[in-house]
Amino acid sequence: MNVIEANGLGKRYGSTWALRDCTLAIPDGHVVALVGPNGAGKTTLLNLAVGLTAPSTGTVTVLGDTRPGSRTALDGIAFVAQDTPLYKNLSIADMLHLTRNLNRYFDQGYAEARLGELGIPSTRKAGKLSGGQQAQLALTLALARRPRLLVLDEPMSSLDPLARHDFMATVMTAIADDGVSVVLSSHVLAELERVADYFVLLSSGSVQVAGEVDDLLACHRVLTGPASEADRCADRLRVVHTRRGEAQAHLLIRTNGSADPVPQGWEAHPVTLEELTLAYLREPGASSLPGPVRARHTEPMDVAK
Amino acid sequence: MGWVTWRQHRLTLAGVAAVLGAASVYLYFTGEHLRNQGFVSYGAGPGLTLTAALFQVIPPLIGAFVGAPVLARELEAGTFRFTWTQGFGRARWTIATLAPLALAVTVVAGAFGFLFSWCYGPQIGVKYGLSPLAATTFDLRGVAFAGWTLVAFAIGVVAGILIRRVVPAMFATLVAWSGLAVVTGLFLRRHYEAPLVTSRTNLPSTDWVMSEWWTRGGQPVSSSTIDQVLQKVGVSVSGNGQQILRASQGSGLGNMSPTQYLIHHGFTQLSSYQPASRFWPFQWIEGGWLLALSLLLMIAAVWLVHRRAT
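Quick caveat, the model's predicted, so the values are computed rather than measured.

1. Some points on the overall build of chain B
Helix and strand counts for chain B stand at eleven helices and six strands. For chain B, buried positions account for 36% of its 310 residues. Within chain B, residue pairs in contact and separated by at least 24 positions form 79% of the contacts whose partners lie at least 6 positions apart.

2. With respect to the overall build of chain A
Helix and strand counts for chain A come out as ten helices and 13 strands. Here the C-alpha atoms of chain A give a radius of gyration of 21 Å, agreeing with the 19 Å that 2.2 N^0.38 yields for 305 residues. Counting across all 305 residues of chain A, residues that qualify as buried make up 44%. For chain A, restricting intrachain contacts to residue pairs at least 6 apart in sequence, the fraction spanning at least 24 positions comes to 68%.

3. A closer look at the packing of helix 7 (residues 142–163) of chain B against helix 8 (residues 166–188) of chain B
The description of two packed helices rests on the angle between their axes and on the distance between the axes. Residues and elements named next belong to chain B. One way to put it is that helix 7 packs onto helix 8 with a least axis distance of 8 Å and a crossing angle of 140°. Accordingly, the angle class assigned to the pair helix 7 and helix 8 is oblique. The handedness of the crossing between helix 7 and helix 8 is right-handed. Between helix 7, through Trp148, Ala152, Ile155, Gly156, Ala159, Gly160 and Ile163, and helix 8, the contact on the second element is made entirely by Pro168, Ala169, Ala172, Thr173, Ala176, Trp177 and Ala181.

4. Here we look at the interface of chain B and chain A
At the interface, 18 residues of chain B touch 22 residues of chain A. Listing elements by their share of the side of chain B that touches chain A, those giving two or more residues are helix 1 (2–37) and helix 4 (80–83) of chain B.

5. Brief notes about the packing of helix 3 (residues 58–77) of chain B against helix 5 (residues 90–120) of chain B
Residue and element names in this part refer to chain B. Between helix 3 and helix 5, whose axes approach to 11 Å, the crossing angle comes to 170°. Taken together, helix 3 and helix 5 sit at an angle that is classed as roughly antiparallel. Of the residues in helix 5, those touching helix 3 at Ile62, Val66 and Val70 are Thr97, Leu98, Leu101 and Val105. Within the contact of helix 3 with helix 5, the residues separate by chemical class into six nonpolar, one polar and no charged.

6. As for the pairing of strand 2 (residues 208–216) of chain B
Residues and elements named next belong to chain B. In this sheet, strand 6 (residues 267–274) lies alongside strand 2 in antiparallel orientation, the contact comprising eight bridges. The partner of Thr215 across the bridge, within strand 6, is Thr268. Counting the residues that bridge the hairpin from strand 2 to strand 3 (residues 219–221) gives two residues, and of these Gly217 lies at a positive phi of roughly 60°.

Calculation rules
- Residues numbered from 1 in each chain as written.
- Chains lettered and ligands numbered in written order.
- Predicted model: local features only at pLDDT ≥ 70, side-chain atom pairs only at ≥ 80, totals over all residues.
- Helix = DSSP H or I, 4+ residues; strand = E, 2+ residues; numbered from the N terminus.
- Buried ≥ 20, exposed ≤ 12 C-beta atoms within 10 Å, placed from the backbone.
- Contact = placed C-beta atoms within 7 Å.
- Rg over C-alpha atoms; globule rule 2.2 N^0.38 Å.
- Axes fitted to C-alpha atoms, helices over the stretch in contact; angles between N-to-C directions.
- Parallel < 35°, antiparallel > 145°, perpendicular 65-115°, else oblique.
- Left-handed = near helix turned anticlockwise from the far one by under 90°.
- Nonpolar A, V, L, I, M, F, W, Y, C, P; charged D, E, K, R; others polar.
- Pairing = 2+ DSSP bridges.

Pasting the structure below:
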């Protein structure tokens, strides 16, 4: 089952396309990192998936075949928006009561236990909590609904490093305990790198990279060699991005596995997700998508020089 | 969901209760005072007119302060991203929020209108008193006050979802409600039922006279003709519309008033008016269309919440 499936999905605000021709099939049971620069369309994609907004073109379905915003989808998806909106002048206990009244299923015991562990008193007003505590409260409310999919839109953008660590720890515990699928968006890759096992890169409203992290890392590598030979090498390989220094050049290439021989005088290194992201972001024409290829300006999986 | 609505709006509802409570206390004591003094024929008295003018602002304020923030605050503060992604769903949430608030607002306004009628009722509609149909007090009594408050609430809600910001929505509510009230008072209310036309000149002041004009032999006569006739006997004509005639001294009228003189000479004064007995039928008509409009506006608000993407 695909937790989020999009087909030619597009969203336009006025004359600007926030998301264009987006085709994705995100499988369940994964922790999905949705990464991209500011303005890439991550929030738009997530808003479409949770039913806060309707597509301009294309279709999107969630949790298999369900329409976003339908009863089943609302029951099964818990969403924490950017800046964790809460009712600032309600107390924590009231927020729990409110969420319980607005949902068919709500695990009050879990929520109270979790907030007790975090040391958040239930009589304090939600607006008086620190940023980290507000994020933890929003996450607790979302997890207490026992959703099948947890969608988090830049949940850590206003958190300090310790709060971020605690937040991700809570998420990982929930995944281990309940088997919930998670889609996390962020423009900071480092914090997601350790936990994500599915990766989607959005840039300027289009999907550039989508796939399992293991697969992506296995079929990309960095070749380091003399700068003078870089062009000659590049003709024979599928190069995503070239980084030249005075003497050395680094080519990030796509391979079909480790079968491709390394050219003489060059060294091959495995690639990190961060290097992959930066390379693709610098080459807007390149993409790495699974399944049937959708060509844009160039043949996919080849670089545009 | 009732608990949810109460909890989220408890401050504004408390404010409304405070304002109406203060006004009710004032009305109660005024009513007691008037009754203790016996209802001498005060007519429209300055106390009633001033109070009525002040109370006219209560419905639009309730509409602005209770109705406009319901949806606008969700959108402005971003909490709709939390509330409308819960399992309850956004259309149901809107209905479940609007219904108890609308009901509360209507019931409270109805009680208030009843209290107003009790306080000033005997002063309105007595022999030389104010017409119950006059715009000063008509919409503060009976079902009309509840209707105007409910429509103000509904206008506020729709303004909230359209404008998406609380303070501009409040202003829009005040402006829209005032426009509707003025149009109704000036143009619409007089047409609820076809006005009666009579040639009697001694209509009680409790009837609502809408216009008067002179005829002769079945044909309407212009006011300049009337002027000429009267000036021949030395009467200067002042005023317009209602043709307030002032007799100058030493005119040739003798003991007759100018009106009687004209009637004596074959002119007939016709008045179109609404009798005071039509007070309740008019109340039901006005309450009825206000209720229908309110329901329409609230249904439109739910539809907009359901359809409008963010």
